[in-house]
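Topology and contacts: notes
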Amino acid sequence: MTGTLPLDTVAAAPATTTHLPRLALTEQTEEPQRVRVGASLDDRLSIAGATVGGIGMGILLAGALGVIGWGWMPIVSYAWFVGIYASLTFLGHSGPAVVDRFWSVLLRSAAVVVVASLGIVVVYTLLRGWPVLKDVFAFAPHKNPLHFWLTDMSGVGPLSGLDTGGILYAVIGTLEQIGIALVITVPLGVTSAIFLAIVGGRYARVVRTLVEAMTALPSVVAGLFIYAVIILSFTHQDNGFAAALAISVLMLPIMIRSADVALRLVPGNLREAGLALGASQWSTVWRVILPTMRSGLTTAIILATAHGIGETAPVLLTSGVTSVTNFDPFHNAQTSLPLAALEFIESGRNTLIARGYATAATLLAVVLILFVLARLIGGQEAGKVSAGRLRRLARTSRATLRRVRASGHARNLAAAAGRDPDAPLDPLSAFDQLITEDDA
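Residues numbered from 1 in each chain as written. Predicted model: local features only at pLDDT ≥ 70, side-chain atom pairs only at ≥ 80, totals over all residues. Heavy atoms only, no water.

**With respect to the overall build of the chain**
Per the secondary structure count, the chain includes 18 helices and 0 strands. By residue count, 30% of the 440 residues in the chain fall in the buried class. Here the contacts in the chain between residues at least 6 apart in sequence split such that 68% fall between residues at least 24 apart. In the form shown here, the chain has an accessible surface area of approximately 27,500 Å², with 66% of it arising from carbon and sulfur atoms. (Helix = DSSP H or I, 4+ residues; strand = E, 2+ residues; numbered from the N terminus. Buried < 20%, exposed > 50% of the residue type's maximum accessible area, 1.4 Å probe, protein only. Contact = heavy atoms within 4.5 Å. Areas by Shrake-Rupley, 256 points an atom, 1.4 Å probe, with all protein chains shown as cover.)

**Side note on a nonpolar patch on the surface**
Together, Leu368, Ile369, Val372, Leu373, Leu376 and Ile377 make up an exposed nonpolar region whose accessible area comes to about 570 Å². Mapped onto the elements of the fold, Val372 is located in helix H16 (residues 350-377). (Patch = residues over 30% accessible without salt bridge, like charges linked within 9 Å, V, L, I, M, F, W, Y side chains within 5 Å. Salt bridge = Lys/Arg side-chain N within 4 Å of Asp/Glu carboxyl O.)

**Observations regarding a positive patch on the surface**
The grouping of Arg294, Arg391, Arg392, Arg395 and Arg398 at the surface amounts to a positive patch. For the positive patch, the element with the most residues is helix H17 (residues 387-416), which contributes 4 residues. Considering the arrangement of structural elements, one finds Arg294 in helix H13 (residues 294-309). (Lys, Arg positive; Asp, Glu negative; His and termini not counted. Charge placed at Lys NZ, Arg CZ, Asp CG, Glu CD.)

**Some remarks on the side chain of Thr359**
The topology assignment puts Thr359 in helix H16. If we ignore the near neighbours within four places in the chain, the residues touching Thr359 are Phe148, Ile167, Leu337, Ala340, Ala341 and Phe344.

**Re the nonpolar core**
The biggest cluster of nonpolar side chains holds 40 residues, and the ones touching the most others in it are Ile194, Leu263, Met293 and Phe344. Within the residue set of this core, elements represented by two or more residues are helix H5 (95-133), helix H7 (168-199), helix H10 (240-264), helix H12 (281-292), H13, helix H15 (337-346) and H16. Leaving out residues up to four positions away in the same chain, Phe344 has contacts with Met153, Ile167, Tyr169, Leu352, Ile353, Arg355, Gly356 and Thr359. Counting residues in hydrophobic clusters, the runner-up holds 6 residues, among them Ile226, Ile230, Ile231 and Leu245. (Core = buried A, V, L, I, M, F, W, Y, C linked by side-chain atoms within 4.5 Å.)

**Quick word on the pattern of salt bridges**
This structure, assessed with the given rule, holds 2 salt bridges. Among the salt bridges present, the one from Arg208 reaches Asp260, with a minimum N-O distance of 2.8 Å. In this pair, Arg208 sits in helix H8 (residues 204-215) while Asp260 sits in helix H10, placing the two residues 52 residues apart along the sequence. Between Arg264 and Asp260 there is a salt bridge whose closest N-O contact spans 3.3 Å. Of this pair, Arg264 and Asp260 both sit in helix H10, separated by 4 residues, roughly a single helical turn.

**Comments concerning H10**
For H10, built from 25 residues, the straight-helix expectation of 36 Å at 1.5 Å per residue is met to within 8% by its first-to-last C-alpha distance of 35 Å. At Met251, H10 shows its largest kink, close to 35 degrees, and the proline Pro253 lies no more than four residues downstream. The element H10 is largely enclosed, with a buried count of 18 among its 25 residues. Its side-chain oxygen placed 3.2 Å from the backbone nitrogen of Phe241, Asn239 serves as the N-cap of H10. (Expected span 1.5 Å × (residues − 1). Bend = angle between axes of the 7 residues up to and from the residue. Polar contact = N/O pair within 3.5 Å; in protein donor to acceptor, adjacent residues only side chain to side chain.)

**Points about helix H3 (residues 41-64)**
Across its 24 residues, H3 extends 33 Å between first and last C-alpha, which sits within 8% of the 34 Å expected from 1.5 Å per residue. All of the buried residues in H3 are Asp43, Ser46, Ala50, Gly54, Gly58, Leu61 and Ala62. If you follow the buried residues of H3, they end up packed against helix H4 (73-92) and H5.

**Observations concerning the packing of H4 against H5**
Put simply, H4 and H5 touch, their axes get as near as 9 Å, and they point 155 degrees apart. By the angle between their directions, the pair H4 and H5 is classed as roughly antiparallel. Every pair of crossing elements has a handedness; the one defined by H4 and H5 is right-handed. Across the interface between the two elements, Tyr78, Phe81, Val82, Tyr85, Ala86, Thr89 and Phe90 of H4 pack against Ala97, Val98, Arg101, Phe102, Val105, Leu106 and Ser109 of H5. (Axes fitted to C-alpha atoms, helices over the stretch in contact; angles between N-to-C directions. Parallel < 35°, antiparallel > 145°, perpendicular 65-115°, else oblique. Left-handed = near helix turned anticlockwise from the far one by under 90°.)

**Topic: the environment of Val249**
Within the fold, Val249 resides in helix H10. Distance in space between the C-alpha atoms of Val249 and Gly308 is 9.3 Å, their sequence separation being 59 residues. Setting aside residues no more than four positions away along its own chain, Val249 makes contact with Met214, Leu217, Ala222 and Ile226.

**Examining the confidence of the model for the chain**
If pLDDT is low for a region, its predicted coordinates should not be looked at in detail. Per-residue pLDDT for the chain has a mean of 81; in total, 80% of the residues score no lower than 70. Taken together, the stretch residues 9-13 has pLDDT below 50 and engages in 1 contact with residues farther than four places along the chain or on a different chain. (pLDDT = per-residue confidence, 0-100.)

**Some remarks on the side chain of Thr299**
Mapped onto the secondary structure, Thr299 falls in helix H13. A residue is classified by how much of its surface remains accessible, and Thr299, at 17% relative accessible area, is buried.

**With respect to the packing of aromatic side chains**
Tallying each qualifying case throughout the model produces 6 aromatic pairs. Aromatic pair Phe81 and Tyr85: ring centres 6.4 Å apart, planes at 20 degrees, arrangement stacked. Of this pair, Phe81 and Tyr85 both sit in helix H4, 4 residues apart, roughly one helical turn. On the basis of relative accessible area, Tyr85 is assigned to the buried category, the value being 5%. Aromatic rings pair up to connect Tyr78, Phe81 and Tyr85 into one cluster. (Phe/Tyr/Trp six-rings, centres within 6.5 Å; stacked < 30°, edge-to-face > 60°.)

**A few points about the environment of Gly268**
Assignment of secondary structure puts Gly268 in helix H11 (residues 268-276). With a relative accessible area of 43%, Gly268 lands in the partly exposed category. The sequence separation of Gly268 and Ile289 amounts to 21 residues, and the corresponding C-alpha distance is 9.5 Å.

As structure tokens, this is what we get:
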């Protein structure tokens, strides 16, 4: 018969299990060596040797031979470090590995330089402002440790001590100006971002080009524009509202671009689902897209605020300079924190310079808090729901389900009692009866 083997041939065939590749392998008595991710011992020794060699060559050329000045020593030492490290890598690896290690060292060095520069700025500011800031940690019974933030400079002269005067007037001015700027920027920024990312049209390209051009707008130009349009034409005096308008001009492109990016991260199937269910475009935007991009929108607001809170040139041109607290942003001069720090440091007196650096430290703390909030609030991607949000949604869903079941149970009770099911009933009684039955 075709396709049939004799019985003895089948019986003589070896067992299939003896030819399985896995069973044919010999058992390993030792656990295989694990792959380690990261720099090897050879790489660490090469980096250490190149560092020592680079520093040694810098000291030799700057100190012993006098070929270069001490100011050039860090740059020359770093150049020697990169050259020595590339040479050591070339001795033990191929060409692609040398190129990869070379660019890795350059990128990590750039990151170290950025972090070190930021650290130097923060530490230097805190050290110069420490004579003022140390009162917070002094805990003296006859002093108010927060007087620097709760008083202004009215009646304080250049020879007064550090235990008098404060920056309350600058804090009030900054809060009011940023508050007015946010009221103007947030609606305009969100609607512009929605126009660019969702609505589109023939003018979308023009608006996007203008927004990108405004991102590179110098702050002094914004200040001059508001000064010419608002102050010279209408108010005829410096005021905080004009400064808020100048800050809004600088915050608006940051707000639009950040919100535009957040809108583009919203999954497209959410918008399609809303439109497929019969919702209009604006209803989908208001009820689906904006709640989904809430974290990204919060990040855009905080980033724009952090950008506007540190502006000095437009505030100097539009709000003027004062040392007295002014709660009215529409009349008279009103100083902000960066402008107050500039005025203190330009005075030349040691006590005022210390106050200026303490003001700058306060501004750094405010900006740091804003960026931390942006990281915490806007850390999740668009469409992702946090654990707390999921718990709240679950509680709302359970409550809605019980209300629906209570409504249906009330209709059943009315029908059983011979009443009209559509007649108004007391929903609480039906709901309580339903809960009693569920508990039973």
